[in-house]
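# Architecture at a glance
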There are 4 protein chains.
Amino acid sequence: MDPTDAEAACFEAGIKFGTLYHQFAGTPVSPGSAASLERAMAEAIENQPFCADCSVDILDDELDTTHDYTELTGEYMEVSMRIEYGEEVVHTEMAMEDGYPLMRVVDVVSR
Amino acid sequence: MDPTDAEAACFEAGIKFGTLYHQFAGTPVSPGSAASLERAMAEAIENQPFCADCSVDILDDELDTTHDYTELTGEYMEVSMRIEYGEEVVHTEMAMEDGYPLMRVVDVVSR
Amino acid sequence: MDPTDAEAACFEAGIKFGTLYHQFAGTPVSPGSAASLERAMAEAIENQPFCADCSVDILDDELDTTHDYTELTGEYMEVSMRIEYGEEVVHTEMAMEDGYPLMRVVDVVSR
Amino acid sequence: MDPTDAEAACFEAGIKFGTLYHQFAGTPVSPGSAASLERAMAEAIENQPFCADCSVDILDDELDTTHDYTELTGEYMEVSMRIEYGEEVVHTEMAMEDGYPLMRVVDVVSR
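Bear in mind the structure is a predicted one, so any value in this text is a computation, not a measurement.

Facing the 12 residues of chain C at the interface are 12 residues of chain B. Between chain C and chain B, the buried area comes to about 930 Å², and carbon and sulfur atoms account for 50% of it. Contact with chain B buries surface across chain C, with His67(C), Glu71(C) and Tyr100(C) losing the most and accounting together for 47% of the total. On the surface where chain C and chain B come into contact, there are 8 residue pairs in polar contact (both at pLDDT 80 or more).

Looking now at the packing of helix 1 (residues 5-24) of chain D against helix 2 (residues 34-46) of chain D. All names here are of chain D. Relative to each other, helix 1 and helix 2 sit at 140°, their axes nearing to 10 Å. As far as their axial angle goes, helix 2 and helix 1 are oblique. Between helix 1 and helix 2 the crossing geometry is right-handed. Counting all contacts with helix 1, which are made through Lys16, Thr19, Leu20 and Phe24, the residues of helix 2 involved are Leu37, Met41, Ala44 and Ile45. When grouped by side-chain class, the residues that make up the contact of helix 1 with helix 2 number 6 nonpolar, 1 polar and 1 charged.

In this numbering, the UniProt entry assigns the feature "domain: Dihydroneopterin aldolase MtpD C-terminal" (unreviewed entry) to residues 4-105 of chain A. For residues 4-105 of chain A, the end-to-end C-alpha separation is 16 Å, with 32% helix and 36% strand making up the annotated structure.

Turning next to the confidence of the model for chain A. Here chain A averages 96 in pLDDT, and 100% of its residues register 70 or above. The ipTM, which scores confidence in the relative placement of chains, is 0.96 for this predicted complex, and the corresponding pTM is 0.97.

Here we come to the relation of the copies chain C and chain B. Take chain C, turn it by 180°, move it 0.0 Å along the axis, and it overlays chain B with an RMSD of 0.0 Å. In short, the pair behaves as if placed about a two-fold rotation axis. Nearest to the rotation axis, the C-alpha of Gly26(C) is located 3.3 Å from it, this being the minimum over chain C. Taken together, the interface assignments show that 100% of the residues at the interface of chain C recur at the interface of chain B, consistent with an identical surface on both copies.

This part takes up the sheet that holds strand 4 (residues 77-85) of chain B. Strands sit in the order 2-4-5-6 (chain B) across an open sheet of 4 strands; the sheet is antiparallel. Looking at strand neighbours, the two that pair on one side only are strand 2 (51-58) and strand 6 (100-110) of chain B, the edges of this open sheet. Along the sheet, successive strands turn relative to each other by an average axial angle of 10°, direction set aside. When strand 5 (residues 88-97) of chain B meets strand 6 of chain B, the two strands line up antiparallel, connected through 10 bridges. Looking at the pairing, Glu88(B) lines up with Ser110(B) of strand 6 of chain B. Helix-sheet contacts for helix 1 (residues 5-24) of chain A involve strand 5 and strand 6 of chain B, and the interaxial angle to strand 6 of chain B is about 130°.

Attention now moves to the pattern of salt bridges. Residues and elements named next belong to chain A. Applying the stated criterion across every chain yields a total of 20 salt bridges over all chains. One salt bridge connects Glu84 with Arg82, and the closest N-O pair in it is separated by 2.9 Å. What makes Arg82 partly exposed here is its relative accessible area of 29%. A single salt-bridge network, built from bridges that share partners, covers Arg82, Glu84 and Arg111.

All names here are of chain C. Here helix 1 (residues 5-24) contains 20 residues, and its C-alpha end-to-end distance of 29 Å stays within 8% of the 28 Å for a straight helix at 1.5 Å per residue. Burial of helix 1 is extensive: 19 of the 20 residues sit out of reach of the surface. In the segment just after helix 1, Gly26 is the residue with positive phi, at about 100°.

Another point: the interface of chain C and chain D. Tallying the contact residues gives 26 residues for chain C and 26 residues for chain D. Between chain C and chain D, the buried area comes to about 2,000 Å², and carbon and sulfur atoms account for 61% of it. At the boundary of chain C and chain D, one finds 0 salt bridges. The interface formed by chain C and chain D holds 9 residue pairs in polar contact (both at pLDDT 80 or more) in total. Among the secondary structure elements, those contributing two or more residues to the side of chain C that touches chain D are helix 1 and strand 6 (100-110) of chain C.

Cut-offs applied
Counting of residues starts from 1 at the beginning of each chain's written sequence and follows it residue by residue. Chain A is the first chain written and ligand 1 is the first ligand written, with later ones labelled in order. Reporting of local features is limited, given that this is a predicted model, to residues whose pLDDT is at least 70; pairs of side-chain atoms are given and counted only at 80 or more, and all residues count toward the totals for whole chains, interfaces and linings. Water and hydrogen atoms play no part in the side-chain values, which are based on all heavy atoms of the structure. Note on contacts: a residue pair qualifies if any of its non-hydrogen atoms lie within 4.5 Å across the two residues. Summed over both partners, the accessible area (1.4 Å probe) lost when two parts come together is defined as the buried area. Any pair of nitrogen or oxygen atoms within 3.5 Å is treated as a polar contact; in protein, a donor-acceptor pairing is required on top of that, and neighbouring residues in sequence qualify only through side-chain atoms on both sides. Angles run from 0 to 180 degrees between N-to-C directions of axes, and those axes are lines fitted to C-alpha atoms, restricted for helices to the stretch in contact. Elements are defined by DSSP. Helices are runs of H or I of four residues or more, strands are runs of E of two residues or more, and each kind is numbered from the N terminus. The labels follow the angle: roughly parallel below 35 degrees, roughly antiparallel above 145, roughly perpendicular from 65 to 115, and oblique for the rest. Each crossing is labelled by how the near helix is turned from the far one, with a counterclockwise turn of less than a right angle marking it left-handed and a clockwise turn marking it right-handed. Residue type decides the class: Asp, Glu, Lys and Arg count as charged, Ala, Val, Leu, Ile, Met, Phe, Trp, Tyr, Cys and Pro as nonpolar, and the leftover types, Gly among them, as polar. UniProt positions are given in the numbering used here, feature names are shortened, and annotations may be inferred rather than shown by experiment. Along the chain, pLDDT gives the predictor's confidence residue by residue, from 0 to 100. Overlaid copies result from least-squares superposition on C-alpha atoms, with residues included only where pLDDT is at least 70 in both. Pairing between strands requires that DSSP locate at least two bridges from one strand to the other. A pairing counts as a salt bridge when a side-chain nitrogen of Lys or Arg comes within 4 Å of a carboxyl oxygen of Asp or Glu. Under the scheme applied here, a residue whose accessible area is under 20% of the maximum for its type counts as buried, over 50% as exposed, and between as partly exposed, the area being computed with a 1.4 Å probe on protein chains only. Here a helix's expected span is defined as the number of its residues, less one, multiplied by 1.5 Å.

Here it is as structure tokens:
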């Protein structure tokens, strides 16, 4: 069967998470450059269709600075997004759970 | 509301597409290296949870070889995936449509 | 033979270019998000060792906006860097040449 | 001053390392998919100009398989390359040193 609007909204939400994570994982990041990276990540993803809002928090305090900077991975970021598709609104987020950057759908509602 | 299994399946499908595209876009590719890249892309994505099958076709004949190789972009690939989540099975695919690499849910069915 | 300081400086310069290009190629970008991406790219690369300065110019006016945004590729950016290694200073830049994003060493000087 | 051939060779070597690392870091990898990824990485980089040989070894035994797969990072790979530019031949390699994936020029020789 064709997807419902809610299913299509969840598909779109997933695309944004996969994009954000795999576009930016590996980026050299330090406490001094975290703010510009957060902003660029959020604005990049908000370009994509149906992404009404994207918020990225890089956990500056947890960055490994043994070598002054480190590479961005899931353990250093928290992300939330709002996807709007037709009458459906999907809230999603990513955070570490049990050592794994878990992306999940928080809420699906009709406007 | 919490997502249904079908919505969660679609979310997972989207993650895989975003991952595949943004992990590998930009990879130097030529007719001679397309086969190894296709296989690595498919096997990488099949590592991810709920991805039962991933198939990648790099369109060798269309690769720009003016400089011997080019960078992988959406215009050079066709992708299909099957996601299984609980009792739900989602088929998705990516192909060019109107100059844009369109990722879409083809079918959502209960097993 | 071991590399000279000038050769090591050129190696380091190359690493930064490869990093910048392949980390960020494929990022969704629009005229509205180009400024934050430019800044994040430059600050990310300046984290790397021996990179004294990195400047990124995304060519907003040339971005394809048929679908509102496009993916970042070499045709949309100009980059220059200054690498300092021991007593050696290397200037490098990237710009389009004959349809190909050419990265080159502009100048190698001893301080 | 313009770069010497040896300096240009080292610059080209650096580009390949930055490309390889930042194109593929973050790729989902497991013991079962490591071989196809190794091959795709090597063949992708060998497309680039002046890269005579590229060899990638993903350290299967060290991959974290707590969640069945992990993301490729520098700690899981060893890379060596041979760059030929004019009469110059550069050998380079990447391996972990002190917790950091160190890329270095091993040898610069004239043919």
